[in-house]
Amino acid sequence: MKIGLMDSGMGGLSVLHEAFHLLPNEEYLFYADVDHVPYGLKKPEEIISYTTDIVEFLISKGAEVVIIACNTATSVAIEKVRKLYDIPIIGMEPAVKPAVHNSHNKRVMVMATPVTIRENKLKTLIDKVDTEHLCDLLPMPRLVEFAENEMYESHEAYDYVIKELKPYDLSVYSELVLGCTHFNYFKPIYRNLFGDEIEIIDGNNGTIRHLAGKCGLTIENTDKKLKYKEPTEVLTHPKVTYYASGRLITDEKMLTHIMRMHNRLEEVRHI
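Predicted model, so just to flag it, every value in this text is computed and none were measured.

## Quick notes on the packing of helix H2 (residues 44-60) against helix H3 (residues 71-82)
Here's step 1: For the pair H2 and H3, the least separation of the axes is 9 Å and the interaxial angle reads 65°. Regarding the angle of H2 to H3, the classification is roughly perpendicular. With respect to the hand of their crossing, H2 and H3 are arranged in right-handed fashion. Contact residues: H2 offers Pro44, Ile47, Ile48, Thr51, Thr52 and Val55, while H3 offers Thr72, Ala73, Val76, Ala77, Lys80 and Val81.

## Some remarks on the side chain of Thr241
Here's step 1: If you trace the backbone, Thr241 turns up in strand E9 (residues 240-244).
Here's step 2: Residue classification places Thr241 among the buried residues on the basis of a relative accessible area of 17%.
Here's step 3: Thr241 has contacts with Tyr28, Leu29, Phe30 and Leu248, leaving out every residue within four places of it along the chain.

## Considerations on the packing of aromatic side chains
Here's step 1: Taken as a whole, this structure holds 10 aromatic pairs when the rule is applied.
Here's step 2: Look at Phe57 and Tyr243: their rings are 5.0 Å apart centre to centre, the planes differ by 85°, and that puts the pair in the edge-to-face class. Note that Phe57 is positioned in helix H2 and Tyr243 in strand E9, a separation of 186 residues in sequence. Tyr243 shares its class with Phe57; the two are buried.
Here's step 3: Summarising the aromatic geometry, the rings of Phe146 and Tyr160 are spaced 5.9 Å apart at their centres and angled 70° between planes, so their arrangement reads as edge-to-face. Here Phe146, found in helix H7 (residues 142-148), pairs with Tyr160, found in helix H8 (residues 155-165); they are 14 residues apart in sequence, far enough to count as distant.
Here's step 4: Judged by its relative accessible area of 0%, Phe146 falls in the buried class.
Here's step 5: Classification of Tyr160 by relative accessible area gives buried; the value is 8%.
Here's step 6: Members of the aromatic cluster, joined through ring pairs, are Tyr31, Phe57 and Tyr243.
Here's step 7: The ring of Tyr160 carries the charged tip of Arg142 above its face, separated from the ring centre by 5.7 Å.

## A look at the nonpolar core
Here's step 1: Core analysis: the biggest nonpolar cluster contains 61 residues, and Leu13, Met111, Phe186, Tyr190, Phe194 and Tyr242 have the highest contact counts within it.
Here's step 2: Here Tyr242 is in contact with Leu13, Leu16, Phe20, Phe30, Val234, Leu235, Arg247, Leu248, Ile249, Ile258 and His262, once residues within four sequence places are set aside.
Here's step 3: Core analysis: the next-biggest nonpolar cluster, separate from the first, contains 24 residues, Ile47, Tyr50, Ile68 and Val115 among them.

## Quick word on the pattern of salt bridges
Here's step 1: This structure, assessed with the given rule, holds 11 salt bridges.
Here's step 2: Lys2 serves as the salt-bridge partner of Glu27, at 3.8 Å between the closest nitrogen and oxygen. Here Glu27, found in strand E2 (residues 27-32), pairs with Lys2, found in strand E1 (residues 2-7); they are 25 residues apart in sequence, far enough to count as distant.
Here's step 3: Measuring nitrogen to oxygen at the nearest pair gives 2.8 Å for the salt bridge that ties Asp136 to Arg107. Of the two residues, Asp136 sits in strand E6 (residues 135-139) while Arg107 sits in strand E5 (residues 107-112), which places them 29 residues apart along the sequence.

## Some points on the sheet that holds E5
Here's step 1: Strand order in the open sheet made by the four strands is E6-E5-E7-E8, with parallel pairing throughout. Two strands bound the open sheet, and with one partner strand each, they are E6 and strand E8 (199-202). On average, adjacent strands in this sheet sit at an angle of 25° to one another, irrespective of strand direction.
Here's step 2: Relative to E6, E5 is paired through five bridges, and the arrangement is parallel. Across the sheet, residue Ala112 finds its bridge partner in E6, namely Pro139.
Here's step 3: Helix H9 (residues 187-194) rests against E5, strand E7 (173-178) and E8 of the sheet, and its axis sits at about 165° to E7.

Parameters and conventions
Residues numbered from 1 in each chain as written. Predicted model: local features only at pLDDT ≥ 70, side-chain atom pairs only at ≥ 80, totals over all residues. Heavy atoms only, no water. Axes fitted to C-alpha atoms, helices over the stretch in contact; angles between N-to-C directions. Helix = DSSP H or I, 4+ residues; strand = E, 2+ residues; numbered from the N terminus. Parallel < 35°, antiparallel > 145°, perpendicular 65-115°, else oblique. Left-handed = near helix turned anticlockwise from the far one by under 90°. Contact = heavy atoms within 4.5 Å. Buried < 20%, exposed > 50% of the residue type's maximum accessible area, 1.4 Å probe, protein only. Phe/Tyr/Trp six-rings, centres within 6.5 Å; stacked < 30°, edge-to-face > 60°. Lys NZ or Arg CZ within 6 Å of the ring centre and 35° of its normal. Core = buried A, V, L, I, M, F, W, Y, C linked by side-chain atoms within 4.5 Å. Salt bridge = Lys/Arg side-chain N within 4 Å of Asp/Glu carboxyl O. Pairing = 2+ DSSP bridges.

Structure (structure tokens):
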């Protein structure tokens, strides 16, 4: 099956990377809207327009199902996009439900973009599953910029996360929900600040499993290491075509950037 994934930038690679592990035999199209990143600071009408155009583009390239691998685009645009196309459109949802379930009445930190936090989709989810009011919402927009620039454990990234978390007593949290696909790259920072007891949860695994169930695909759930040594390997293992705002990515510089990001995701996958 040819599976399309879209994101505002390279954060959605974390969803694609999880798909490599769970559905290694499928073919993928990945669209990073690098011309308009970040979506988390955009107006809703802009996000809807970008998302609609990208889904149409991916369908034109043969996508039989599309994952909106962006929590912000999902929260703003998915309902409108689903009405336009006949193929399955799979969205992202912050993993609040499993986090609350696993929390044992300790607090749950939900990191997301400002737009995701502001939209009703997340509020409705929290109202439904967080009956004890355990969740705290924290907008972290600059992490998108740091991820795009591979500043994973830079002083700037550390200082930013420390500053944003300063008002909170981190010892009262048992769960950290990553409500943006860009946030996965920074797991070592969260682990260092919250400690070994924190459970870090994202929606990537659940999204790919939902896709598999929706499309009748068999989950392989392989933990085989995906370490790329050459940039061209990201095009063949599994087979992927990458686009940057509609432009086919073939140059070595950009493929090397993507390779490094996949390797980073492999390094932090089980942190």
